[in-house]
Amino acid sequence: MKIKRQLIIFTLLGFLSVPLQMAAQQEPDAIALEDNEFQNNFYESLKQKGIENYDKAIQSLYKCLKVQPDNPVIHHELGKNFLAQKNYAEAEKSFQKAIELDPKQRWYWNGLYDVYYETKDFNRSIPVVQKLIGFDKKFQDDLVSLYMYTQQFDKALALINEMDVTTGLTATLEMYKLQILSDVKFRKPEKDTLEQAIKNNPNEESNYIQLIYLYSESNQEDKALEVAKKLEKAIPTSDWAQVSLFKFHLNNREPQKAAEAMFLVLKSKKIDAKIKHRVLNEFLIFSNNTNSFKKELAQAVDYFEEDPTVNVPKEIGIFFLEKKKNTDAIAYFEKSLARKNDDISTIELLLQAYTDNGQYDIVNKKATGYLDLFPTHAKLYFFAGMAQNQLKNYKKAIELLQTGMDFVVEDRALEINLNIQLGEAYHGLGDEKKKESYFIKADQLLKQKK
C-alpha cells in the first residue's frame, strides 16, 4: 500500500486564539496571563516533541486543554504524540476528538488513518480513506489497496475501472486488475460480449486480456493468438500481447521471435513475476531440448537478479545438473555465487558439478579455498579429500578426510562417503589393512542407514 505523506506546518494564529466568549467573561489582565500560559505550554509541547520527549509534550498539551478544552489543534497534537509512543488507543481518541471538533481539516483524518494503518486495521481504514479522497483524489490508490487487503474485489475492480477512465492506472493498479480478472467469477462477460467491447473500444487493453484468458482456458489457442495479434496491432506498446506471442512463436518453431517476445515480457513492469518465471521456464526447456539459444537464456536470467523470492541462476544450475549437463550447470552456479558468494548449498552443488565433470584440480582448489569461509564444514573436506585421491595425493587426502570426519554432525551419508574415500586413500598408499577397515566401517553405516 502506498500511503501519501506530506509535511504539514500549522498556522497557529487562528487555531490558538482565546475564544471570544472567554474574553467576555474575564478581566483583560487575566485573559493576557491565560493566553501567555497557553501559548507557552503549547510551544513547550512542540519543543519536547521535537526531541522525542513525548511524555513531557503530552503533559504540556494537557495544560493547554485546561484553558481551551475544545481546541482541535491540541487534540491533534496529542494524537501525534500518542502515536509516536505507539499508544494507539489514546491516539485514536485524540484524532477522533479533533475530527469531531473540526471535520473539515484533512490532517486530523490523516492522523486517524495513520493509527489504523500502523495497527493494520484495514477495515476501519476504509471509511477514513473515503473521507480523505474528498481532500485528495490520490487516496483512491490507497482505497484500492485496502479493498484488496480486505478481499472486497468487486469494489476494488469497480474503483479501478472508474480510475482507468478518469486518471489512468499505475503499474500496481494494472497488476491488481489482472489479479482480480484471473478469478473466473470476475470474468462474467462472454466471449461475444468481449469481442464487441473490443470493437467498440479497441484501445481498452483489459478486454483483450480477458478474452485471451477465456480462449486459453477452453484450449482455443488459435483464437487466443488472434486476439493477442489484434492487441499488438491496436496497442503496439502492450506488454501482455507478448506473453501469448511468445508461446505461439515457440510452438511455431520461431525461437528468435520467441526470444524477442520473452525479453519484452521480462522488461515489463506490468506483468506479474509468476508469469515471467513461467515464460523463462518454457524458454529453458526449449533451450535444453534444442541445445541452442544459450546466450539468450543467460541474458534472460539476468532480469531476475533482484528477485527476492527465487535464486534463479541456482535453480537453472540444478536443472542442468539433473540433466547431466555439467558445464551448463557450472556456469549458472558460478553466476549465482557471483551475486552471493557465501551460499553453502550452491557451493556444494558447484563442487558436485565439477566432480561430475571430472575436473578434480578445480574441485580441490575451490573446496580448500572455501574452507577459509567455512572451516568446520565437513562436506568441503570431503570434496577436497576426494579430489586429492583422484590426483593421487593420498597423504593430503587422508589429512583432509580425517579432519572432515571430526566435523560430521548427523549426516550418515557423508560419513559413509568419507570412510570410502579414506579406504581409497590407504589403498593408494598400499595399506590394504586400513583400506579394509574403512570399507567395513562404511558398509556397517550403510546397513544401519537401511
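Quantities reported herein were computed from a predicted structural model and do not represent experimental measurements.

Novice: Account for the overall build of the chain, naming residues and giving values.
Specialist: Tallying secondary structure elements over the chain gives 26 helices and 0 strands in all. Each of the 450 residues in the chain was classed as buried or not, and the buried ones make up 45%. Long-range contacts, defined as pairs at least 24 residues apart, comprise 51% of the intrachain contacts of the chain with a sequence gap of at least 6. Within the structure as shown, the chain displays about 24,700 Å² of accessible surface, and the carbon and sulfur contribution to it stands at 50%.

Novice: Got a sec to walk through helix α7 (residues 106-118)? Specific residues and values, please.
Specialist: Taking 1.5 Å as the rise per residue, α7 with 13 residues should run 18 Å; its terminal C-alpha atoms sit 18 Å apart, in good agreement. Among the residues of α7, Arg 106, Tyr 108, Trp 109, Asn 110, Gly 111, Leu 112, Tyr 113, Asp 114, Val 115 and Tyr 116 are the ones counted as buried. Of the residues trailing α7, Lys 120 is marked for its positive phi of about 55°.

Novice: Describe the layout of surface pockets, naming the residues involved and giving the relevant values.
Specialist: Its volume calculated, the largest pocket comes out at about 760 Å³. Along its surface, the largest pocket is lined by 26 residues, and Tyr 213, Trp 240, Val 243, Ile 275 and Arg 278 are the ones closest to its centre. If you list the elements that add at least two residues to the lining of the largest pocket, you get α11 (171-181), α13 (205-217), α14 (221-234), α15 (240-251) and α17 (273-290). A class-by-class count of the residues in the lining of the largest pocket yields 13 nonpolar, 5 polar and 8 charged.

Novice: Residues and numbers for the nonpolar core, please.
Specialist: Soluble globular proteins tend to pack their nonpolar side chains together in the buried interior. Among the nonpolar cores identified, the biggest contains 79 residues, and Trp 240, Phe 246, Met 262, Phe 283, Ile 316 and Phe 320 are the most heavily contacted of them. When sequence neighbours within four positions are dropped, the list of residues in contact with Phe 246 reads Ala 258, Ala 261, Met 262, Val 279, Glu 282 and Phe 283. Core analysis: the second largest hydrophobic core is formed by 44 residues, Ile 74, Phe 95, Tyr 108 and Ile 126 among them.

Novice: So what about the UniProt feature "repeat: TPR" (unreviewed entry) in the chain? Which residues, and what values?
Specialist: The UniProt feature table records "repeat: TPR" (unreviewed entry) at residues 72-105. Split by type, residues 72-105 is 79% helix and 0% strand. Its first and last C-alpha atoms lie 9 Å apart.

Novice: Residues and numbers for the packing of helix α6 (residues 88-101) against α7, please.
Specialist: It is the contact of α6 with α7, at a shortest axis distance of 8 Å, that shows an interaxial angle of 155°. Looking at the two axes, α6 sits roughly antiparallel to α7. In this structure, α6 crosses over α7, and the sense of that crossing is left-handed. Here α6 contributes Tyr 88, Ala 91, Glu 92, Phe 95, Gln 96, Ala 98 and Ile 99 to the contact with α7, which in turn contributes Tyr 108, Trp 109, Gly 111, Leu 112, Val 115, Tyr 116 and Glu 118. Partitioned by chemical class, the residues of the contact of α6 with α7 number 10 nonpolar, 2 polar and 2 charged.

Novice: Could you give me a rundown of the packing of helix α21 (residues 344-356) against helix α22 (residues 360-370), with the residues and numbers involved?
Specialist: Contact pair α21 / α22: the axes reach a minimum separation of 8 Å and the direction vectors enclose 160°. Classified by the interaxial angle, the pair formed by α21 and α22 is roughly antiparallel. Judged by the twist between their axes, the crossing of α21 over α22 is left-handed. Residues Ile 347, Leu 350, Leu 351, Tyr 354 and Thr 355 of α21 touch α22, and the partners they reach there are Tyr 360, Ile 362, Val 363, Lys 366, Ala 367 and Tyr 370. Looking at side-chain class alone, the contact of α21 with α22 contains 9 nonpolar, 1 polar and 1 charged residues.

Novice: For helix α16 (residues 255-267), give the residues involved together with the corresponding values.
Specialist: Here α16 contains 13 residues, and its C-alpha end-to-end distance of 18 Å stays within 8% of the 18 Å for a straight helix at 1.5 Å per residue. Considered for burial, the residues of α16 that qualify are Pro 255, Ala 258, Ala 259, Ala 261, Met 262, Phe 263, Val 265 and Leu 266. Buried-residue contacts for α16 involve α15, α17 and α18 (294-302).

Novice: Talk me through the pattern of salt bridges; I want residue IDs and the actual numbers.
Specialist: Under the counting rule described, the total for this entry stands at 21 salt bridges. Of the charged contacts in the structure, one is a salt bridge between Lys 80 and Glu 77, with a shortest N-O distance of 2.9 Å. Note that Lys 80 and Glu 77 are positioned in helix α5 (residues 72-84) at a spacing of 3 residues, about one turn of the helix. Lys 80 sits in the partly exposed class, given a relative accessible area of 28%. Residue Glu 77 is classed as buried on the basis of its relative accessible area, which comes to 4%. Among the ionic contacts, a cluster of salt bridges with common partners joins Lys 49, Glu 77 and Lys 80.

Thresholds applied
Residues numbered from 1 in each chain as written. Predicted model: local features only at pLDDT ≥ 70, side-chain atom pairs only at ≥ 80, totals over all residues. Heavy atoms only, no water. Helix = DSSP H or I, 4+ residues; strand = E, 2+ residues; numbered from the N terminus. Buried < 20%, exposed > 50% of the residue type's maximum accessible area, 1.4 Å probe, protein only. Contact = heavy atoms within 4.5 Å. Areas by Shrake-Rupley, 256 points an atom, 1.4 Å probe, with all protein chains shown as cover. Expected span 1.5 Å × (residues − 1). 1 Å grid on protein atoms, 1.4 Å probe; cavity = no way out; pocket = protein on both sides within 12 Å on 5 of 7 lines; lining within 4 Å. Points joined across faces, edges and corners; volume = space filled by probe spheres on them. Nonpolar A, V, L, I, M, F, W, Y, C, P; charged D, E, K, R; others polar. Core = buried A, V, L, I, M, F, W, Y, C linked by side-chain atoms within 4.5 Å. UniProt positions renumbered as here; feature names shortened; annotations may be inferred. Axes fitted to C-alpha atoms, helices over the stretch in contact; angles between N-to-C directions. Parallel < 35°, antiparallel > 145°, perpendicular 65-115°, else oblique. Left-handed = near helix turned anticlockwise from the far one by under 90°. Salt bridge = Lys/Arg side-chain N within 4 Å of Asp/Glu carboxyl O.

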